[in-house]
Amino acid sequence: MSPSVSENTVQVQEATDSIGKLSLNPKQDDGPAYPLYLPHYDVNEKFPPTEIFEFFDRGTRADPAKPHLLGADTKVSHISPFIGTEITGVQISQLSEGGFDELALYAAERKVLVFRDQDFKDIGPDRQIEIAKRFGYVQRHPTSPNVKGYPEFHIVYRDPQHDRLSFIIPSDCAIRTRWHVDGSYEKQTPGTTFFWILDQPDVGGDTIFASTVEAYNRLSPEFQKRLEGLRATHSSVGQAETSRKLGRPVRQEPIVTEHPIVRRHPVTGEKAIYVNPAFTQHIVGYKVEESQMLLKFLHDHIAKGADFQIRATYKPGTVVVWDNRVTIHAATGDYDIGVRRHAARLTPQAEIPIPA
């Protein structure tokens, strides 16, 4: 249950009281712009296992012309032929039900939508969650920081005192990016996903996205046939172990699931490679060395595919909507640690992956 207005007031005050601890430089930094969304950890917070739910992809009933999303005042600029579109002139928060249908379809078609000049960060957590729920059950992350009283949020926060990347990607790593698909270990994996910026460096802190549809298309027909029908295990065990070592929550017991290596999108029918180095563990039925060799090839194939990747940049008011079923992404840790980066994500879950 969401907190009342009075409880929200208390949360804001509690968050504001902690700003001094987060301050980068008292002379230059006034603290987080959105203290309500500061990362919250509660080791006593526990969730039951997520139950299978009925899912309907609203993109299936969308008008292909998208008149409610791409109106006369909307400007569209494609970032790449294969992935990514920048959109201005429309507010996500003001979309009609038809507009939300078209948003689901367009995210599936273009993989990543970068909306500019949005009021989304200012409409409050209740409204933000209400919008996200239109696209599926919103994942409550088992280990990451959330918002106090709002377990649906995944909070990204980094400043000199809080450097989450330092334990995800050690500083001595030559390449400080980590490709992943959000929550691929879930039985019903994430679909249309919302991510927005609260505080952002002037330079850096972008997100790299790749189209796993185009990655599949680049393979030879014979190799595509070999992949279809294969399944791989996805695990949250390592994620849970890391959180426990840090004294942070493990809200759900870790799970291991099997998903097809090539999945089919329920709306577009496109086939996409569905593996990622963060959570994919083993190809079912393969020996260890066989599995490692094939997974490494697929991971490298995607990571090196610069011509089917984009770099999403952030400005005040940016909201990025992507389809986790047909993309993979990586945060970039290329910005000055003396600068705050603060963002929030809502991650609706979709169908059980459909084999190709």
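The preceding data block contains the structure.
In short, a report on the structure. Bear in mind the structure is a predicted one, so any value in this text is a computation, not a measurement. (Residues numbered from 1 in each chain as written. Predicted model: local features only at pLDDT ≥ 70, side-chain atom pairs only at ≥ 80, totals over all residues. Heavy atoms only, no water.)

### Considering the sheet that holds strand S11 (residues 271–273)
Logical step 1: With respect to topology, 3 strands assemble into an open sheet ordered S11-S10-S17, the strand pairing being antiparallel. The open sheet has two edge strands with one neighbour each: S11 and strand S17 (354–355).
Logical step 2: Looking at chain direction, strand S10 (residues 262–264) and S17 are connected through 2 bridges and run antiparallel. Looking across to S17, one finds that Arg263 is bridged to Pro355. (Pairing = 2+ DSSP bridges. Helix = DSSP H or I, 4+ residues; strand = E, 2+ residues; numbered from the N terminus.)

### Side note on the environment of Val147
Logical step 1: Relative to the helices and strands, Val147 resides in the loop between helix H4 (125–132) and strand S4 (154–159).
Logical step 2: Sequence spacing of Val147 and Tyr37 is 110 residues, and the spatial spacing of their C-alpha atoms is 5.6 Å.

### Looking at the side chain of Asp159
Logical step 1: Assignment of secondary structure puts Asp159 in strand S4.
Logical step 2: Despite its burial, Asp159 remains without a salt bridge, the nearest opposite charge being carried by Arg340 at 4.4 Å. (Buried < 20%, exposed > 50% of the residue type's maximum accessible area, 1.4 Å probe, protein only. Lys, Arg positive; Asp, Glu negative; His and termini not counted. Salt bridge = Lys/Arg side-chain N within 4 Å of Asp/Glu carboxyl O.)

### Quick notes on the nonpolar core
Logical step 1: Ile92, Leu103, Phe115, Phe153, Phe194, Trp196 and Val321 are the most contacted members of the largest nonpolar core, which has 34 residues in total.
Logical step 2: Every element with two or more residues in this core is listed here: helix H3 (97–110), strand S3 (112–115), H4, S4, strand S6 (192–199), strand S14 (319–323) and strand S16 (341–346).
Logical step 3: By size, the runner-up hydrophobic cluster in this structure holds 24 residues, among which are Trp179, Ala210, Leu219 and Leu294. (Core = buried A, V, L, I, M, F, W, Y, C linked by side-chain atoms within 4.5 Å.)

### Focus: the side chain of Glu45
Logical step 1: Mapped onto the fold, Glu45 is located in the loop between helix H2 (19–22) and strand S1 (75–78).
Logical step 2: Exposure remark for Glu45: the relative accessible area of 17% places this residue in the buried category.
Logical step 3: At 2.8 Å, the side chain of Glu45 and the side chain of Arg251 are in polar contact.
Logical step 4: Those residues in contact with Glu45 that lie beyond four places of it in its chain are Asn146, Pro151 and Arg251. (Polar contact = N/O pair within 3.5 Å; in protein donor to acceptor, adjacent residues only side chain to side chain. Contact = heavy atoms within 4.5 Å.)

### With respect to unusual backbone geometry
Logical step 1: Of note in this structure, Lys66 is not a glycine but carries a positive phi near 55°.
Logical step 2: For Lys66, the position within the fold is in the loop between H2 and S1.
Logical step 3: Given the relative accessible area of 5%, Lys66 is considered buried.
Logical step 4: The residue Asp117 is not glycine, and still its phi comes out positive at about 55°.
Logical step 5: By the element assignment, Asp117 lies in the loop between S3 and H4.
Logical step 6: For Asp117, a relative accessible area of 56% corresponds to the exposed category.

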